[in-house]
Amino acid sequence: MDLKEKAFKLIEQYVQNQNLKKHLLAVENLMRHLAKRFKEDEEIWALSGLLHDLDWDITKETPQKHPLVAVEILEKEGFPEEVISAIKKHNHLQGLIPETTLEKALYTCEEMTGFVVAVALVMPNKKLSEVTVERILNKFKEPSFAKGVNREIILKAEEMLGLKLEELAEITLKSMQEISDELGL
Ligand SMILES: [Fe+2]
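Below or above, wherever it landed, is the structure these notes cover. A quick note: this is a predicted structure, and the numbers were derived from the prediction, not measured. (Residues numbered from 1 in each chain as written. Predicted model: local features only at pLDDT ≥ 70, side-chain atom pairs only at ≥ 80, totals over all residues.)

## So, the overall build of the protein chain
Looking only at helices and strands, the protein chain features twelve helices and zero strands. For the protein chain, the succession of helices and strands along the chain, N to C, is α-α-α-α-α-α-α-α-α-α-α-α. For the protein chain, the spread of C-alpha atoms along the three principal axes comes to 45 × 35 × 35 Å. Put simply, the protein chain has 185 residues, and 38% of those count as buried. Taking the intrachain contacts of the protein chain between residues at least 6 apart in sequence as the baseline, contacts between residues at least 24 apart amount to 61%. (Helix = DSSP H or I, 4+ residues; strand = E, 2+ residues; numbered from the N terminus. Buried ≥ 20, exposed ≤ 12 C-beta atoms within 10 Å, placed from the backbone. Contact = placed C-beta atoms within 7 Å.)

Right, here's the structure in full:
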């Protein structure tokens with residue numbers, strides 16, 4: 001079994017919430033696009049995105065355990081060290097410092113997918129095809145919109161990766177529109 005098959009099997013086993021599953025698919029494809037942007041390993045980056053919240057159904061009541069439960073599972077299953085390390089550091093509540101480009105990208109960018117979902121949901125037909133980069137940037141400036149999304153972390157993409165908010169919005173939107181059927185948006 002290759003790693004991607006193994007990843008989907010684990011998701012089947014540990015992820016019941018359909019919105020969480022969609023979030024994992026969104027971050028998988030975003031990370032694939034970001035790997036292209038930074039000329040890094042697409043499969044490794046995609047795998048990190050796909051598995052980053054594997055334990056969220058289990059840990060949402062005890063966020064300090066997120067993603068340590070996932071890390072334990074992935075270590076046991078023999079996933080690459082760089083994938084596990086990026087997943088381990090992505091929860092900023094753990095206070096770990098992202099060091100590699102992969103770690104920095106997962107840490108700063110994954111929440112942008114949730115923000116784009118929120119923007120799609122206020123469009124007339126609730127479709128990703130109606131969303132524009134401009135609309136994302138305008139909504140980003142409204143503090144009361146999608147309050148749960150940590151804008152401070154997303155904005156760190158510029159200092160950590162040299163990735164401006166506008167480019168991140170563009171890449172995120174494109175990567176999500178590509179799989180809009182799977183995301184149901
Ligand atoms: Fe996430």
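## So, the environment of Thr 132
On the secondary structure map, Thr 132 appears in the loop between α8 (111-121) and α9 (133-140). Thr 132 gets classed as partly exposed once you count the C-beta atoms within 10 Å, which come to 14.

## Comments concerning helix α3 (residues 42-51)
Of all the ten residues making up α3, seven are buried; the element is thus mostly covered by neighbouring parts of the structure. Of the residues making up α3, those classed as buried are Trp 45, Ala 46, Leu 47, Ser 48, Gly 49, Leu 50 and Leu 51. Contacts from the buried residues of α3 go to α1 (3-14), α2 (18-37), α5 (68-76), α6 (81-90) and α7 (101-109).

## Remarks on helix α11 (residues 165-177)
Between its first and last C-alpha, α11 extends 18 Å over 13 residues, near the 18 Å set by a 1.5 Å rise per residue. Turning to α11, its buried residues number three or more, namely Leu 168, Ala 169, Thr 172, Leu 173, Ser 175 and Met 176. Along the axis of α11, the buried positions cluster into a sector of 165°, meaning they face one direction only. (Expected span 1.5 Å × (residues − 1). Arc of directions from axis to C-beta.)

## Quick word on the nonpolar core
In this structure, Met 31, Leu 51, Cys 109 and Val 116 are the most contacted members of the largest nonpolar core, which totals 47 residues. Element by element, the count of residues in this core is highest for α2, at seven residues. Non-local contacts of Leu 51, meaning those with residues more than four positions away in its chain, are made with Ala 7, Ala 70, Leu 74, Val 83 and Ile 87. (Core = buried A, V, L, I, M, F, W, Y, C linked by C-beta atoms within 7 Å.)

## A short note on the packing of α2 against α11
At a minimum axis distance of 9 Å, the contact between α2 and α11 shows a crossing angle of 125°. In this view, α2 runs oblique relative to α11, as classed from their interaxial angle. Judged by the twist between their axes, the crossing of α2 over α11 is right-handed. Side by side, α2 and α11 meet where Ala 26, Asn 29, Leu 30, His 33, Leu 34 and Arg 37 of the first sit next to Ile 171, Thr 172, Lys 174, Ser 175 and Met 176 of the second. Residue composition of the contact of α2 with α11, grouped by class: five nonpolar, four polar and two charged. (Axes fitted to C-alpha atoms, helices over the stretch in contact; angles between N-to-C directions. Parallel < 35°, antiparallel > 145°, perpendicular 65-115°, else oblique. Left-handed = near helix turned anticlockwise from the far one by under 90°. Nonpolar A, V, L, I, M, F, W, Y, C, P; charged D, E, K, R; others polar.)

## Some details on unusual backbone geometry
Of all residues except glycine, most have a negative phi; of all peptide bonds, most are trans. With an omega of 5°, the peptide bond running from His 66 to Pro 67 counts as cis. Note on placement: Pro 67 falls in the loop between α4 (56-59) and α5. Backbone geometry at Lys 39 places phi at a positive 55°, although glycine is not the residue there. Relative to the helices and strands, Lys 39 resides in the loop between α2 and α3. With a phi angle near 45°, Ala 146 is a residue other than glycine that sits in the positive phi range. Of note, Ala 146 is situated in the loop between α9 and α10 (151-161).

Fair warning: the whole summary comes from geometry, so function is off the table for now.
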